[in-house]
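# Close look at the chain arrangement
Letter by letter, the chains look like this.
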Amino acid sequence: MSAEPTGTHKDPVTGEMISKQELKRREKQRVKEASRAFRVANAAPPQENVPAVQTNLDDLNPNQYYELRARQITAFKSTQKPNPYPHKFHVTRSISDYIGAYGPEGKIPAGTKLDGICESLAGRIHNIRMSGSKLRFYDLHGEGKKVQIMATQQDSENPDEFVAIHEAFRRGDIVGVTGTPSRTKKGELSISPSSMILLAPNLHQLPSSHFGLKDQETRYRKRYLDLILNENTRNIFITRSRIINYVRRFLDNLGFMEVETPMTSLLAGGATAKPFVTHHNDLNLDLYLRIAPELYLKELIVGGLDRVYEIGRVFRNEGIDLTHNPEFTICEFYMAYADMEDLMDITEAMLEGMVKYITNGNTKLIYHPDGNKGQEGARQLELEFKRPWKRYDMITTLEEKLGVKFPPGEELHTDETNNWLRELCTKYNVECSEPRTNARMLDKLVGEFIEPLCVSPSFIVGHPQVMSPLAKWHRSRPGLCERFEGFMCGKEFCNAYTELNDPFEQRLRFEEQVRQKEQGDDEAQGIDETFIDALEHGLPPTGGWGIGIDRLVMFLTDSINIKEVLLFPAMKPVETASTSNNPGGHPLPPPGQV
């Protein structure tokens, strides 16, 4: 005999499956409890200009608050008085437009209303203040702006239900308000509502407006909460959007065409990095997430699209630190009939114009490398973006800093040079993990002795060919190639070179990369036969350029942590989703972040 089913209806609070009759009984009981609890919470007579609505509720811990609010909203869902989740609210103006229309001095005299005009606004309540039972003030936030709601019983279309209606609103709720533009006696722009409805309740207790949300871990994992409470976070991502928009318009105005290339491929090429591996089920085939779009874009140049660019995500299976995230946004462009010198001019023009665009005409920015802006004695760097930028020749500068003479450029790839570089790194205590290839040791020396010189935007030029498998050899300096890297605040932000378009030389470079991979360098590239075939069809003289958008945004927004400029940065998983981390008592699902 089969077991009798435990129930056919799900309890929205506990998640249990119960009978219809039991669900009705529980909902009725919850309505009573919620009504009783809120009568107790609001029993104390409010004092003028004191946030009495929240006084008792703010004494609750997060779990108690959630339980109380969940019961209230469940009761609203049962009675539909009010409906806590309406389908639609017609907005006549955004908050920004409202301030622009009615905010100018003289538009509304202090202590008056614009009778005959009706507007509907929507946004999130941040603060609630009471002045007696017949007057309530709310701060309504939206689009980064704030307007005050001045709700009075005499303006309400249902004055008898004024108190009951406004008992439903809590900090963090999204509400719709319809009323008359007004200004308080003290001169603050407001809206005097005839009606105000709940559009989406916030079940959780918002951090106080005084202390805000400061915990970094919470800010990164719950970016929605960070954006609700921290205006600076919102401004960073508005600036990020403006920067990407500027790059797009700058390249479009130079005649470039934006394209899209594959995210997955059989080979991970176009950069020196360790890739992520994924699997295609239908083809039963392992694929790599792209580490760069470079090879595809150059194939488009071969096809006759002379100026192309792409802005998109790339993925590199590397460490997470203050300036690195496993997935990040890059912009790469390729320009036929251009070389390294042309690209340096374009880079200087783009960055100088971009800084003027976001600072309203200034070419200087202040950056706090220790992240302690506003503190006494905080270290700060002045970044000057005005052209021309400083240029550091790699080998020449290393020779000056180390007091040594490097082997000729055409010998920088040899075993003898490898031994010489090992001794040099040991002498100056420059650490380089295995495999200690010539390219990796040179890179470490540059990081130790040249990169710190690059405070304002600067170029490092004169790279050895062994460090640049896709760059064209230098036309006058054997063993070197025509490449530059852009640095500021001691960190790389862009990389560019005159592209190698000789298929015979490109094959030799790929084979050298394979040898480095066999030595244990899992960041080295393999041989891409399709790309070589494209070169054999003829790649015109071309300049190629790439910039890390995230790191650029860091410098231009005075952020020292890349997580500050990524809406959803990679985070270590939370092993146990305890209810203490999720006020309200119900378990959180696995986090979406890595």
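Higher on the page you've got the structure.
Source: prediction; values computed, not measured. For every chain, the first residue of the written sequence is number 1, and numbering continues from 1 along that sequence. This being a predicted model, a pLDDT of at least 70 is required before a residue's local features are given, and a value of 80 or more before pairs of side-chain atoms are given or counted; all residues contribute to the totals for chains, interfaces and linings. Excluding hydrogens and water, the side-chain figures rest on all heavy atoms present in the structure.

### Re the pairing of strand β20 (residues 542-548)
Throughout this description, buried means an accessible area under 20% of the type-specific maximum (1.4 Å probe, protein chains only), exposed means over 50%, and partly exposed covers the range between. A helix here means a DSSP run of H or I that spans at least four residues, while a strand means a run of E at least two residues long, and both kinds are numbered starting from the N terminus. Burial analysis of β20 places seven of its seven residues in the buried class, which makes it a mostly covered element. Where burial is concerned, the two faces of β20 agree: the one with Thr-542, Gly-544, Gly-546 and Gly-548 and the one with Gly-543, Trp-545 and Ile-547 are both buried. Sheet topology places strand β13 (residues 327-336) next to β20; seven bridges connect them, and they run antiparallel. Each residue of the ladder has a partner; that of Glu-332, found in β20, is Gly-546. Pairing between strands requires that DSSP locate at least two bridges from one strand to the other. Bridge count for strand β19 (residues 491-498) against β20 is five bridges, and the pairing is antiparallel. Each residue of the ladder has a partner; that of Ala-496, found in β20, is Trp-545.

### Remarks on the packing of aromatic side chains
Note on aromatic pairs: the rings of Phe, Tyr and Trp (six-membered ring only in Trp) are paired at centre separations within 6.5 Å, and the planes decide the class, stacked below 30 degrees, edge-to-face beyond 60, tilted for the rest. Considering all chains together, one arrives at 13 aromatic pairs under this definition. Centre to centre, the rings of Phe-510 and Phe-531 are 6.4 Å apart; their planes meet at 65 degrees, and the pair counts as edge-to-face. Pair noted here: Phe-510 is in helix α14 (residues 503-518) and Phe-531 is in helix α15 (residues 529-536), with a separation of 21 residues, a long-range link. By relative accessible area, which is 0% here, Phe-531 ends up buried. Members of the aromatic cluster, joined through ring pairs, are Trp-389, Phe-459, Phe-484 and Phe-493. Remark: a charge is flagged as sitting over a ring if the NZ atom of Lys or the CZ atom of Arg is within 6 Å of the ring centre and within 35 degrees of the ring normal. Above the face of the Tyr-357 ring, Arg-249 is positioned so that its terminal group lies 5.2 Å from the ring centre.

### Comments concerning the nonpolar core
Buried residues of nine kinds, namely Ala, Val, Leu, Ile, Met, Phe, Trp, Tyr and Cys, make up a nonpolar core once their side-chain atoms join them within 4.5 Å. Ranked by size, the top nonpolar core spans 48 residues in total, and within it Phe-484 and Trp-545 carry the most contacts. When residues in this core are grouped by element, the largest group, nine residues, is from helix α10 (residues 340-359). Residue contacts are defined here by distance: any two heavy atoms, one from each residue, within 4.5 Å place the two residues in contact. Those residues in contact with Trp-545, other than ones at most four positions away along the chain, are Cys-331, Glu-332, Phe-333, Tyr-334, Leu-343, Thr-347, Met-350, Phe-484, Cys-494, Asn-495 and Ala-496. Core analysis: the second largest hydrophobic core is formed by 25 residues, Leu-402, Phe-406, Leu-412 and Val-430 among them.

### Details of the pattern of salt bridges
Any Lys or Arg side-chain nitrogen located within 4 Å of an Asp or Glu carboxyl oxygen qualifies as a salt bridge. In the structure shown here, the tally under the stated rule is 30 salt bridges. When the shortest N-O distance is used, the salt bridge between Glu-499 and Lys-298 registers 2.6 Å. One end of the pair, Glu-499, is in the loop between β19 and α14; the other, Lys-298, is in helix α9 (residues 294-302), and 201 residues separate them in sequence. Overall, the relative accessible area of 1% leaves Glu-499 in the buried class. Of the charged contacts in the structure, one is a salt bridge between Arg-477 and Asp-393, with a shortest N-O distance of 2.5 Å. Note that Arg-477 is positioned in the loop between β17 (458-461) and β18 (483-488) and Asp-393 in strand β16 (residues 390-393), a separation of 84 residues in sequence. Overall, the relative accessible area of 16% leaves Asp-393 in the buried class.

### Focus on the sheet that holds strand β11 (residues 285-289)
Strand order in the open sheet formed by three strands is β9-β11-β10, with antiparallel pairing between adjacent strands. Only two strands of the sheet have a single partner each, and these edge strands are β9 (264-265) and β10 (277-280). Note: β9 against β11, two bridges, orientation antiparallel. By the bridge assignment for β11, Thr-264 is matched with Leu-289.

### Some thoughts on the sheet that holds strand β3 (residues 119-130)
Backbone-to-backbone hydrogen bonds pair the strands of a sheet. The strands run either parallel or antiparallel. Taken in spatial order, the five strands close into a barrel running β3-β4-β5-β7-β6, and their pairing is mixed. Sheet twist, expressed as the average angle between the axes of neighbouring strands with direction ignored, equals 55 degrees. As defined by bridge partners, strand β6 (residues 174-183) adjoins strand β7 (residues 189-200) across 10 bridges and the pair is classed as antiparallel. By the bridge assignment, Pro-181 is partnered in β7 with Ile-191. Working convention: axes come from line fits to C-alpha atoms, limited for helices to the stretch in contact. Angles between N-to-C directions cover 0 to 180 degrees. Strand contacts of helix α4 (residues 95-102): β3, β4 (135-142), β5 (145-152), β6 and β7, with the helix running at about 75 degrees to β5, the strand carrying the most contacts.

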